[in-house]
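# Architecture and fold: a report
The primary structure of each chain is shown beneath.
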Amino acid sequence: MTDLMYKNLCYKNIYRMVLIVQGVVQDEPPPDTRTLYLNHPVLRDSASQLLTIPTKVIGPIGLLYVCQREMAVTLPHDKNVSIIGSDDVTTCIILVLRHTGSGAVGFAHLDGSCTEECVINMVHRIQELSMGFPDSRLEMSLIGGFSHVLRYSEQVFYSLMVAVHKHQTEIELVLACLGELNTIMRNNVHWPLLYGAGVMVKSGEVFPANFPDKGPEQPLRLARLFTGLQPVLDVYDCNLGLLRIGPFNYEPMRSVDLWLQQSDEFILQALSTTPDVEPPHTVMAIRASLKYVQDHPFPAVTVFRDNRPLYYRRDEHSGTWTPFRY
């Protein structure tokens, strides 16, 4: 065996080609969503079917809301969570992984930050919960991202495809509502058709949704987006039934006082990748997060004392998440 043959064999063993579409292993990750749909028209059909489903407005009862750069994993028999969901998705992509044997489901809201680490952690967590189901597979659904002139969504898509392609576990793509299929033109501006989605934990059904109640500690959780590169956090312990926030720290934002003095339009243009198509509440949410950073420049000291997470459990009477000391 020549050195070149040996190196090629090692490369194939390290980077098994495990992205599957229509039962066929893909030799290379698709470079963009247009190529994906061109090579696999069945994905175009399933995306079109998803777009015919009316968007559901989901309340807090039974909901686990996942913010940008967060993930969660649970099982069908979870009595605390019946739906996992996220919205405010413009250039981001929602990732749903489901184990066909155990029914374990993972959900993430990805913006291109630490994508490979997220895929590794989510698959590992699902496999931990799926011991005893050897003849099963992981199915993947992708929702969000639209055809924007700066192609932010395509960058997120490609980073995710590369991460999946490099993983040691076979993952079959069964739904992709992305790019041009998730785009509509209004007054010569590209807009996303879907801003959010949820998954039914028991059945694995994926559906368009928005979520007026996004759960506790939103300013804290969103503050991570404006304070440097941050990993995708796992925010749920399904064994304990607890929503878990942190602990984490972020870089001090020395200009936060100046940011809070700016107009809504300035903040939107400067801190959004798609200022023309953001939901109406976006600036209010950004301001709340900036104010949180102003009040807590070092959350490791003032929020997560003794390096302890903030825990929340489901209240039996109201159905909402309430603080819990664990």
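Residues numbered from 1 in each chain as written. Predicted model: local features only at pLDDT ≥ 70, side-chain atom pairs only at ≥ 80, totals over all residues. Heavy atoms only, no water.

An unreviewed UniProt entry annotates the chain as Protein N-terminal asparagine amidohydrolase isoform X1 originating from Sipha flava.

### Quick look at the sheet that holds strand E4 (residues 63-65)
Selection rule: By the convention used here, strands pair only if DSSP detects at least 2 bridges between them. Every helix listed is a DSSP run of H or I at least four residues long, and every strand listed is a run of E at least two residues long, numbered separately from the N terminus.
Pairing is mixed in the open sheet, where five strands are placed in the order E3-E14-E13-E6-E4. Bordering the open sheet on either side are strand E3 (56-57) and E4, each of which pairs with just one other strand. Bridging between strand E6 (residues 83-86) and strand E13 (residues 197-200) involves four bridges; their strand directions are antiparallel. Each bridged residue has a counterpart across the sheet, and for Ile84 the counterpart in E13 is Val199.

### Let's talk about unusual backbone geometry
Which entries qualify depends on this criterion: Working definition: with a 1.4 Å probe on protein chains only, accessible area under 20% of the residue-type maximum means buried, over 50% means exposed, and in between means partly exposed.
The linkage connecting Gly246 with the following residue, Pro247, adopts the cis geometry, with an omega of 0 degrees. Structurally, Pro247 can be placed in the loop between strand E17 (242-245) and helix H7 (256-260). For Asn188, which is not a glycine, the phi torsion comes out positive at approximately 65 degrees. Relative to the helices and strands, Asn188 is located in the loop between strand E11 (183-186) and strand E12 (189-192). By relative accessible area, which is 73% here, Asn188 ends up exposed. Notably, Asn307 is not glycine yet its phi reads approximately 60 degrees, a positive angle. Inspection of the secondary structure assignment puts Asn307 in the loop between helix H10 (299-302) and strand E18 (310-314). Taking the relative accessible area as the measure of exposure, Asn307 reaches 59% and is therefore exposed.

### Some words on the packing of helix H8 (residues 264-271) against helix H9 (residues 282-295)
Where we set the bar: Axes, fitted as lines to C-alpha atoms, cover a helix only where it is in contact. Angles between the N-to-C directions of the axes lie from 0 to 180 degrees. Note on angle classes: values under 35 degrees are labelled roughly parallel, values over 145 roughly antiparallel, values of 65 to 115 roughly perpendicular, and the remainder oblique. We call two residues in contact whenever any of their non-hydrogen atoms come within 4.5 Å of each other. Three classes are used, and their members are as follows: Ala, Val, Leu, Ile, Met, Phe, Trp, Tyr, Cys and Pro are nonpolar, Asp, Glu, Lys and Arg are charged, and the others, Gly among them, are polar.
Relative orientation of the contacting elements H8 and H9 amounts to 85 degrees, with a least axis distance of 10 Å. What the angle tells us is that H8 and H9 run roughly perpendicular. Across from Asp264, Ile267, Leu268 and Leu271 in H8, the residues of H9 making contact are Thr282, Val283, Ile286, Arg287 and Leu290. Tallied by class, the residues present in the contact of H8 with H9 amount to six nonpolar, one polar and two charged.

### As for the sheet that holds strand E16 (residues 236-237)
The sheet built from four strands is open, its strands ordered E16-E17-E18-E19 with antiparallel pairing. A single partner strand is all that each edge strand has here, and the edge strands are E16 and strand E19 (321-324). Pairing of E18 with E19, which is carried by four bridges, proceeds in the antiparallel orientation. Bridge pairing in E19 links Arg314 to Trp321.

### Some thoughts on the pairing of E18
Pairing analysis gives four bridges linking E17 to E18, with the strands arranged antiparallel. Counted as the bridge partner of Arg244 is Tyr311 from E18. Hairpin connection of E18 to E19: six residues between the antiparallel strands, including Gly319 at a positive phi of 80 degrees.

### Concerning H9
The condition that has to hold: Helix span is expected to be 1.5 Å times the residue number reduced by one.
Look at H9: 20 Å from first C-alpha to last across 14 residues, which is about the 20 Å you get at 1.5 Å a residue. Every buried residue of H9 is listed here: Thr282, Val283, Ile286, Ser289, Leu290, Tyr292 and Val293. If you follow the buried residues of H9, they end up packed against helix H6 (218-223), H7 and H8.

### What to know about the confidence of the model for the chain
Note the threshold: pLDDT: the predictor's confidence for each residue, scored from 0 to 100.
In this model, the chain carries a mean pLDDT of 91, and residues with pLDDT of at least 70 account for 94%. Every residue in residues 1-15 is under pLDDT 50, and counting partners more than four places away or in other chains gives six contacts.

### Description of the side chain of Asp78
For clarity, the cut-off: Polar contact is defined as a pair of N or O atoms within 3.5 Å, subject to the rule that within protein one atom must be able to donate a hydrogen and the other to accept it, and that residues adjacent in sequence are counted only when both atoms are side-chain atoms.
With respect to the helices, strands and loops of the structure, Asp78 is situated in the loop between strand E5 (70-74) and E6. A polar contact is formed between the side chain of Asp78 and the backbone nitrogen of Asn80, at a distance of 2.8 Å. Within the structure, Asp78 has its side chain in polar contact with the side chain of Tyr236 (distance 2.7 Å). Setting aside residues up to four positions removed in sequence, Asp78 forms contacts with Tyr236 and Cys238.

### Quick word on the side chain of Asn182
Here Asn182 shows up in the loop between strand E10 (171-177) and E11. Those residues in contact with Asn182, other than ones at most four positions away along the chain, are Leu51, Gly144, Gly145, Phe146, Cys177, Trp191, Pro192, Leu193 and Leu194.

### Description of the state of the cysteines
Two cysteines joined by a covalent bond between their sulfur atoms form a disulfide. Our working definition: Here, the term disulfide refers to a pair of cysteine sulfur atoms separated by no more than 2.5 Å.
For the coordinates displayed, the defined rule picks out zero disulfides. In this model Cys92 remains outside any disulfide bridge; the closest cysteine sulfur is found in Cys67, 11 Å from its own.

### Here we look at the pattern of salt bridges
For clarity, the threshold we go by: Any carboxyl oxygen of Asp or Glu within 4 Å of a side-chain nitrogen of Lys or Arg constitutes a salt bridge here.
For the structure on display, the rule yields 14 salt bridges. Where Lys166 meets Glu116, a salt bridge forms, and the shortest distance between an N and an O atom there is 3.2 Å. Taken as a pair, Lys166 in helix H5 (residues 152-166) and Glu116 in helix H4 (residues 115-128) lie far apart in primary sequence, 50 residues in all. Relative accessible area serves as the criterion here: at 35%, Glu116 is assigned to the partly exposed category. Asp264 is the salt-bridge partner of Arg287, the closest N and O atoms lying 2.9 Å from each other. Pair noted here: Arg287 is in helix H9 and Asp264 is in helix H8, with a separation of 23 residues, a long-range link. With relative accessibility at 21%, the residue Arg287 sits in the partly exposed group. If you follow the salt bridges from partner to partner, you end up with Arg34, Arg44 and Glu180 in one network.

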